[in-house]
Amino acid sequence: SDQARALQKTLQSTSTEPGSDGYLRRSYLTIQLGSLAAYADSKAGNGFESFDAEALALYDTQPPVRELSGFDGILAQLDELLPGEEPLHERVSQFTRQYEIPPDRLDAVFKNAIEACRERTRPHIELPANEDFVLEYVTDVPWGAYNWYQGNAHSLIQVNTSFPLFIDRAIDLGCHEGYPGHHVYNALLEEEFVNRRGWMEFSVYALFSPQSLIAEGTANYGVDLAFPGDEKLEYEKSHLYPLAGLDPSTAGQYRQFREISAELTYARNEVARLFAVGEVNREEAIGLLQKYGPLSRERAAQSMRFIEVNGAYIINYNWGKDLVKNYIEGAAATTDERWARFADLLASPRLPSTLEISTE
């Protein structure tokens, strides 16, 4: 951490023209070094005072604070959609089971989905001619999927099969991990900054840093960008449901369930916030995740495992997406304009705090 802070001071003493590439580079690297120092301090035993202090120190943002009781209305909607006497998380498990992708069809479904994501990205973002990826399936990891960027526009995309995967996850992960998500983001950073400009700091990805909010936020927003409106649903019904051997006639009800549940990702932030400051212990946190997930005991425990390993990183998915969405759609009305602004964000050294205040 001392080395990182010393480099910060050196950067702050350099002179750059406001708005220039050098100014953006210096600002970006200064904040990245600050997050590196903060993370190193936390690993050395100097933990963060709170969940929000961690979010600000590592990700250059202040996520919203919400009461868990504020999500009760969403649970009531799910209760009405899936009536019954069993606990809601059990009814949810029973309902979603019919949308599980059979293990023997998983590879065909995911490859089709990722290719569809790529084909929808290509007309809008110029990709390196040699770009490609390898898809693998793994178990016993705390995340659902991961992109291990290999360099030279190549990625290793791994999907966790420890738990059943549902049909809506195919497009989500295809866009998020691949196109126009992490694979595209890393390839563009490498091409623009490392290869063209020689900014070697972009040859290293600091996971617990502001860069991850941009990466996760753009990756999640990329799903809506590539498949706007009903296009995701229609593609799933015409291509992915048949490949998975599922009944497409019920796809509308499943989407309704997913749309109602979407805001509950913010409930997980609140559980993590309570756990971080010791207001709830691990078992209590799992119980809250079961209620506000609503998740089975096994999935709640997996979610808790992610929180224990990654802490405030979880804000990058929902809050990050909202920041990216507002930044892009606040200044881009048409589809082409949104793709152009999105591509510019992927290949620029922009910080999360500037997404909150800038509409340039």
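Structure shown above.
Residues numbered from 1 in each chain as written. Predicted model: local features only at pLDDT ≥ 70, side-chain atom pairs only at ≥ 80, totals over all residues. Heavy atoms only, no water.

Draft legend 1. Region of interest: the overall build of the protein chain. Scanning the protein chain from N- to C-terminus turns up 17 helices and three strands. At 21 Å, the protein chain has a C-alpha radius of gyration in line with the 21 Å of a compact globule built from 360 residues. For the protein chain, the C-alpha atoms occupy an extent of roughly 65 × 50 × 40 Å along the three principal directions. For the protein chain, the proportion of its 360 residues judged to be buried stands at 49%. Contacts spanning at least 24 positions in sequence make up 70% of the contacts within the protein chain whose residues lie at least 6 apart. Accessible surface, the protein chain as shown: approximately 16600 Å² in total, 49% of it carbon and sulfur. Measuring between centres, the 32 positive side-chain charges of the protein chain sit 1 Å from its 54 negative side-chain charges. (Helix = DSSP H or I, 4+ residues; strand = E, 2+ residues; numbered from the N terminus. Rg over C-alpha atoms; globule rule 2.2 N^0.38 Å. Buried < 20%, exposed > 50% of the residue type's maximum accessible area, 1.4 Å probe, protein only. Contact = heavy atoms within 4.5 Å. Areas by Shrake-Rupley, 256 points an atom, 1.4 Å probe, with all protein chains shown as cover. Lys, Arg positive; Asp, Glu negative; His and termini not counted. Charge placed at Lys NZ, Arg CZ, Asp CG, Glu CD.)

Draft legend 2. Layout of the packing of helix H9 (residues 210-226) against helix H15 (residues 315-329). Contact geometry for H9 and H15: axes closest at 7 Å, N-to-C directions at 70°. Considering the angle they form, H9 stands roughly perpendicular to H15. Along the contact surface, H9 presents Ser-212, Leu-213, Glu-216, Gly-217, Thr-218, Asn-220, Tyr-221 and Asp-224, while H15 presents Asn-316, Tyr-317, Trp-319, Gly-320, Lys-321, Leu-323, Val-324, Lys-325, Ile-328 and Glu-329. A class-by-class count of the residues in the contact of H9 with H15 yields seven nonpolar, six polar and five charged. (Axes fitted to C-alpha atoms, helices over the stretch in contact; angles between N-to-C directions. Parallel < 35°, antiparallel > 145°, perpendicular 65-115°, else oblique. Nonpolar A, V, L, I, M, F, W, Y, C, P; charged D, E, K, R; others polar.)

Draft legend 3. The side chain of Ser-155, seen in detail. Looking at where Ser-155 falls in the secondary structure, it is placed in strand E3 (residues 154-160). Not counting residues up to four positions away in its chain, the partners in contact with Ser-155 are Asp-132, Phe-133, Val-134, Asn-147, Trp-148, Tyr-149, Gln-150 and His-183.

Draft legend 4. Representation of unusual backbone geometry. Note that the residue after Tyr-179, namely Pro-180, is joined by a cis bond; omega there is 5°. When you line up the elements, Pro-180 lands in the loop between helix H7 (168-178) and helix H8 (182-197). The phi angle at Asp-140 is positive, at roughly 60°, despite the residue not being glycine. When you line up the elements, Asp-140 lands in the loop between strand E1 (132-138) and strand E2 (145-151). The backbone of Ala-153 shows a phi angle near 65°, a positive value even though the residue is not glycine. Take Ala-153: it is sitting in the loop between E2 and E3. By relative accessible area, Ala-153 is classed as buried at 3%.

Draft legend 5. Here's a closer look at the sheet that holds E2. Within the open sheet, the three strands sit side by side as E1-E3-E2. Their pairing is mixed. Both outer strands of the open sheet, E1 and E2, are each paired with one neighbouring strand and no more. Direction aside, the axes of adjacent strands within the sheet are offset by 20° on average. Across six bridges, E2 lies against E3 in antiparallel orientation. Following the sheet pairing, Ala-145 is matched in E3 by Val-159. Strands in contact with H7 are E2 and E3; relative to E2, the strand with the most contacts, it is inclined by about 30°. (Pairing = 2+ DSSP bridges.)

Draft legend 6. Main features of the packing of helix H13 (residues 282-292) against helix H14 (residues 297-310). For the pair H13 and H14, interaxial distance at closest approach is 9 Å and the crossing angle is 120°. Judged by the angle between their axes, H13 and H14 are oblique. For the element pair H13 and H14, the recorded crossing hand is right-handed. Facing H13, whose interface residues are Arg-282, Glu-283, Ala-285, Ile-286, Leu-289 and Gln-290, H14 presents Arg-297, Ala-300, Ala-301, Ser-303, Met-304, Ile-307 and Glu-308. A class-by-class count of the residues in the contact of H13 with H14 yields seven nonpolar, two polar and four charged. (Left-handed = near helix turned anticlockwise from the far one by under 90°.)

Draft legend 7. How the structure looks around helix H10 (residues 231-244). With 14 residues, H10 ought to run about 20 Å at 1.5 Å a step, and its terminal C-alpha atoms sit 18 Å apart, in line with that. The largest bend in H10 comes to about 45°, at Lys-237. When H10 is considered as a whole, its buried residues turn out to be Lys-232, Leu-233, Tyr-235, Glu-236, Leu-240, Tyr-241 and Ala-244. In this structure, the buried residues of H10 make contact with helix H6 (106-121), H7 and helix H11 (251-261). Phi turns positive, to about 75°, at Gly-245, one or two residues after H10. (Expected span 1.5 Å × (residues − 1). Bend = angle between axes of the 7 residues up to and from the residue.)

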